[in-house]
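So you can see what is in the structure, the chains are spelled out below.
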Amino acid sequence: MVSVVLSEAEKLYIVHGVQEDLRVDGRGCEDYRCAEVETDVVSNTSGSARVKLGHTDILVGVKAEMGTPKLEKPDEGYLEFFVDCSANATPEFEGRGGEELGTELANTLYRVFSSESSVDLKSLCINPREHCWVLYVDVLLLECGGNLFDAISIAVKAALFNTRIPKVRVLEDEEGSKEIELSDDPYDCIRLNVDDVPCIVTLSKIGYRHVVDATLQEEACSLASLLISVTSKGALTSMKKVGKGSLDPESIFEMMETGKRVGKSLHIALQKTLDEEESLGTSRQKVGFLG
Amino acid sequence: MAAITMRLPVARRAVGPSAPRGGEKHLVAPGDTITTDTGYMRGHGTYVDEEKLIASVAGAVERVNKLVCVKALKARYNGEVGDIVVGRITEVQQKRWKVETNSRLDSVLLLSSVNLPGGELRRRSAEDELAMRDYLQEGDLISAEVQSVFSDGAVSLHTRSLKYGKLAQGVLVQVSPSLVKRQKTHFHDLPCGASVILGNNGFIWIYPTPEQKDEEAGGFTTNLEPVPLSDREVISRLRNCIVALVNQKLMLFDTSILYCYEASLPHQIKDILKPEVEEEIVLETRQKLLDLEG
């Protein structure tokens, strides 16, 4: 994990501040930093999104390709995640330095999306046992400013919302061989229903309290964190503890309640922003990377 | 209650330049031709190619008689004797500490350049060498003055005064060194209730004003008592104001920070970093600074 070095006095200042519900930048324990979300930034993908959460910058691209369904789930498509930690973020990621963090993030995403109800995989099936849509979700870490998991999950949800999969028809030949026909209209596509896609909320334990959306400095003061993935209805789909410290069962319960509450507000805010962007349509001024 | 703000990004608008003082600045990008006149001597940030003087960094052209140089807008800290810096200890070596000061090479703090506890004046012995880690460890923050600059550009620091030394509880903000204005003093006790050290290397340290000045403490003892909530609010507000000024590329000095603090009082501390609030506050600060000059 990317980390900063702090002096003992600085850490003490942060811990006491969290105790009094006033963090270094004036936020409360349950406040997120101001987030910027933009979709459709990469033109050669089926869907893309960029999320900036303070100093954390994440770019996600989704590509829909045709593949064969998995043997145990013949009438469903599936998602493949890959996380690339760019050397732009910090010099530690140069060469193969970012591989460990990348695999950890990808494995967490697999776990979060392993629940059956997150994405309707049956809609990704074209021909049972023969053809299905595989969604390759590629995450690129451009800048690390703390709270990577949350930002990545927000970006993945926004990118899936933006994904447009072309409509295909299966035609039966006289000999029985199947042909796949792509529709001529480029705007004729199917969209995914992302209502049940979960978002990750990271709760870091600092002192006796826990905070949401920790910066790099706050992460250096926290010994243990709890990652929970929450859907928009407040249901928990997975939970993971990270860090070398220990957590009391009572604090885990409190953190779960906070996470559910914060997760619901996060989904509401994200959906509002995505709907606003959708309503602007083509009149929206694209900012992209050079804005 | 959770407060989550999410928004669509807005393209940055160029803010109109403030009243030009002493003519327009000649801004160049790497590769731009500065002049084709061969009579000039080339300084830092330039090179000669086919009888043309070309800039190698992005910045403003400065001309002193026949010498032309380009002062980069964003560069690492270049140490000069007498500068005040705030640095973080990265290594403890045999007779010195290596300090990170946002420059091209790590700065050096020699054991002979620090004051011994109790203010003794004697030759440093082997016991002092072994006790180095008890005084400054990896990760500690110090305020120091630049004693000399080595030939390769590395900076040698000293803390031979009671106002320098190890820093206690507070908040560090890292900004670009070119945004810190050179002034007579860089230690300010702001009237709003906190103190600030504006390091020339771009490290800004905000801390609660100490009650009484300890004579023999001189930066050795760290005060680990919890800071009261009122002081914390002032420090957080100052930190957000400094970040807002840096985002809008305003020079940092005590007056600008103070005006920005006053302009931010009507808003909540966590709202200062919202783009529209930030623009409003910095515009007001800029206006007040122009009124002060005019």
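From a predicted model like this one, the values you see are computed outputs, not experimental measurements.

1. Quick word on the interface of chain B and chain A
Reasoning step 1: Facing 37 residues of chain B, the contacting portion of chain A comprises 39 residues.
Reasoning step 2: Across the chain B/chain A interface, buried area totals approximately 3,300 Å², and carbon plus sulfur atoms make up 63% of it.
Reasoning step 3: At the junction of chain B and chain A, the tally comes to 2 salt bridges.
Reasoning step 4: The partner of Arg88 of chain B in a salt bridge is Glu10 of chain A, with the nearest N and O atoms 3.0 Å apart.
Reasoning step 5: The interface formed by chain B and chain A contains 12 residue pairs in polar contact (both at pLDDT 80 or more).
Reasoning step 6: Those elements that place two or more of their residues in the side of chain B that touches chain A are strand 1 (6-7), strand 15 (171-174) and helix 3 (229-247) of chain B.
Reasoning step 7: Among the elements that make up the side of chain B that touches chain A, the one with the highest residue count is helix 3 of chain B (7 residues).
Reasoning step 8: For the side of chain B that touches chain A, the class distribution of residues is 22 nonpolar, 7 polar and 8 charged.
Reasoning step 9: Summarising the sheet, strand 1 (residues 35-39) of chain A and strand 1 of chain B pair through 2 bridges and their orientation is parallel. Residue Ala35 of chain A lies in a different strand from strand 1 of chain B, and its bridge partner there is Met6 of chain B.

2. Observations regarding the packing of aromatic side chains
Reasoning step 1: Applying the stated criterion to the full structure yields 4 aromatic pairs over all chains.
Reasoning step 2: Residues Phe81 of chain A and Tyr110 of chain A carry aromatic rings whose centres are separated by 5.4 Å and whose planes lie at 85 degrees to one another, so their mutual orientation is edge-to-face. Separated by 29 residues along the polypeptide, Phe81 of chain A in strand 4 (residues 78-85) and Tyr110 of chain A in helix 2 (residues 99-112) bring together distant segments of the chain.
Reasoning step 3: Overall, Tyr110 of chain A belongs to the partly exposed group, its relative accessible area being 32%.
Reasoning step 4: A ring pair is formed by Trp97 of chain B and Tyr135 of chain B, whose centres lie 6.0 Å apart and whose planes are at 85 degrees; its orientation type is edge-to-face.

3. Some points on a nonpolar patch on the surface
Reasoning step 1: A contiguous nonpolar surface patch, about 280 Å² in accessible area, is contributed by Met41, Val64 and Leu67 of chain B.
Reasoning step 2: Residue Leu67 of chain B is classed as partly exposed on the basis of its relative accessible area, which comes to 31%.

4. Examining helix 4 (residues 254-264) of chain B
All names here are of chain B.
Reasoning step 1: By the criterion of burial, helix 4 is predominantly enclosed, with 8 of the 11 residues buried.
Reasoning step 2: Of the positions making up helix 4, those classed as buried are Ser256, Ile257, Leu258, Tyr259, Cys260, Tyr261, Ala263 and Ser264.
Reasoning step 3: If you follow the buried residues of helix 4, they end up packed against strand 17 (194-198), helix 3 and helix 5 (275-293).

5. Notes on a negative patch on the surface
Reasoning step 1: Side chains of Glu172, Asp173, Glu174, Glu175 and Glu179 of chain A sit close together on the surface and give a patch of like negative charge.
Reasoning step 2: Note that Glu175 of chain A resides in the loop between strand 8 (168-172) and strand 9 (178-182).

6. What about empty space enclosed by the protein?
Residues and elements named next belong to chain A.
Reasoning step 1: Summed over the entire model, instances satisfying the criterion amount to 1 cavity of 30 Å³ or more.
Reasoning step 2: Approximately 50 Å³ is the volume attributed to the largest cavity.
Reasoning step 3: Every element with two or more residues in the lining of the largest cavity is listed here: helix 2, strand 13 (224-230) and strand 14 (236-242).
Reasoning step 4: Residues belonging to the lining of the largest cavity are distributed by class as follows: 5 nonpolar, 3 polar and 2 charged.

7. Notes on the sheet that holds strand 5 (residues 46-49) of chain B
Residues and elements named next belong to chain B.
Reasoning step 1: Strand order in the open sheet formed by 3 strands is 3-6-5, with antiparallel pairing between adjacent strands. Each end of this open sheet is capped by a strand with a single partner; those strands are strand 3 (33-35) and strand 5. Across the sheet, the mean angle from the axis of one strand to that of its neighbour is 45 degrees, orientation sign disregarded.
Reasoning step 2: In the sheet, strand 3 pairs with strand 6 (residues 52-55) via 2 bridges, with the strands oriented antiparallel. Bridge pairing links Thr33 to Ile54 in strand 6.

8. Some points on the pairing of strand 8 (residues 67-72) of chain B
Residue and element names in this part refer to chain B.
Reasoning step 1: Strand direction decides the pairing type here: strand 4 (residues 41-42) and strand 8, joined by 2 bridges, are parallel. Within the sheet, the bridge partner assigned to Met41 lies in strand 8 and is Leu67.
Reasoning step 2: As judged from the 6 bridges shared by strand 7 (residues 59-64) and strand 8, these two strands associate in the antiparallel manner. Residue pairing in the sheet places Arg63 in a bridge with Val68 of strand 8.
Reasoning step 3: Counted between consecutive antiparallel strands, the loop separating strand 7 from strand 8 contains 2 residues, among which Asn65 sits at a positive phi close to 50 degrees.

9. Describing helix 5 (residues 249-280) of chain A
Reasoning step 1: The end-to-end C-alpha distance of helix 5 of chain A is 46 Å, a good match for the 46 Å that 32 residues give at a rise of 1.5 Å each.
Reasoning step 2: Looking one or two places after helix 5 of chain A, you find Gly281 of chain A, whose phi comes out positive at around 60 degrees.

10. Quick look at the sheet that holds strand 11 (residues 199-206) of chain A
Residue and element names in this part refer to chain A.
Reasoning step 1: Strand order across the open sheet formed by 4 strands is 12-11-13-14, with antiparallel pairing between neighbours. The open sheet has two edge strands with one neighbour each: strand 12 (209-212) and strand 14. Pairwise comparison of adjacent strand axes, ignoring direction, gives a mean angle of 25 degrees for this sheet.
Reasoning step 2: Sheet topology places strand 11 next to strand 12; 4 bridges connect them, and they run antiparallel. The residue of strand 12 that forms the bridge with Leu203 is Val212.
Reasoning step 3: Running over the sheet, helix 2 touches strand 11, strand 13 and strand 14 and is turned about 150 degrees from strand 14.
Reasoning step 4: Contacts from helix 5 reach strand 11, strand 12, strand 13 and strand 14, with the element oriented near 140 degrees to strand 11.

11. Some remarks on the UniProt feature "domain: K Homology" (unreviewed entry) in chain B
Reasoning step 1: Mapped onto this structure's residue numbering, the UniProt feature "domain: K Homology" (unreviewed entry) falls at residues 170-211 of chain B.
Reasoning step 2: Structurally, residues 170-211 of chain B comprises 0% helix and 43% strand, and the distance from its first C-alpha atom to its last is 15 Å.

12. Re the pattern of salt bridges
Reasoning step 1: This model, assessed by the stated rule, comprises 26 salt bridges over all chains.
Reasoning step 2: The salt bridge partner of Lys270 of chain B is Asp31 of chain A, with a shortest N-O separation of 2.8 Å. Taken together, the residues Lys270 of chain B in the loop between helix 4 and helix 5 and Asp31 of chain A in the loop between helix 1 (8-19) and strand 1 connect one chain to another.
Reasoning step 3: By relative accessible area, which is 31% here, Lys270 of chain B ends up partly exposed.
Reasoning step 4: As a salt-bridge pair, Glu138 of chain B and Arg133 of chain B come within 2.7 Å of each other at their nearest N and O atoms.
Reasoning step 5: Look at Arg133 of chain B and you get partly exposed, because its relative accessible area is 38%.

Conventions we followed
- Residues numbered from 1 in each chain as written.
- Chains lettered and ligands numbered in written order.
- Predicted model: local features only at pLDDT ≥ 70, side-chain atom pairs only at ≥ 80, totals over all residues.
- Heavy atoms only, no water.
- Contact = heavy atoms within 4.5 Å.
- Buried area = accessible area lost by both parts, 1.4 Å probe.
- Salt bridge = Lys/Arg side-chain N within 4 Å of Asp/Glu carboxyl O.
- Polar contact = N/O pair within 3.5 Å; in protein donor to acceptor, adjacent residues only side chain to side chain.
- Helix = DSSP H or I, 4+ residues; strand = E, 2+ residues; numbered from the N terminus.
- Nonpolar A, V, L, I, M, F, W, Y, C, P; charged D, E, K, R; others polar.
- Pairing = 2+ DSSP bridges.
- Phe/Tyr/Trp six-rings, centres within 6.5 Å; stacked < 30°, edge-to-face > 60°.
- Buried < 20%, exposed > 50% of the residue type's maximum accessible area, 1.4 Å probe, protein only.
- Patch = residues over 30% accessible without salt bridge, like charges linked within 9 Å, V, L, I, M, F, W, Y side chains within 5 Å.
- Areas by Shrake-Rupley, 256 points an atom, 1.4 Å probe, with all protein chains shown as cover.
- Lys, Arg positive; Asp, Glu negative; His and termini not counted.
- Charge placed at Lys NZ, Arg CZ, Asp CG, Glu CD.
- 1 Å grid on protein atoms, 1.4 Å probe; cavity = no way out; pocket = protein on both sides within 12 Å on 5 of 7 lines; lining within 4 Å.
- Points joined across faces, edges and corners; volume = space filled by probe spheres on them.
- Axes fitted to C-alpha atoms, helices over the stretch in contact; angles between N-to-C directions.
- Expected span 1.5 Å × (residues − 1).
- UniProt positions renumbered as here; feature names shortened; annotations may be inferred.

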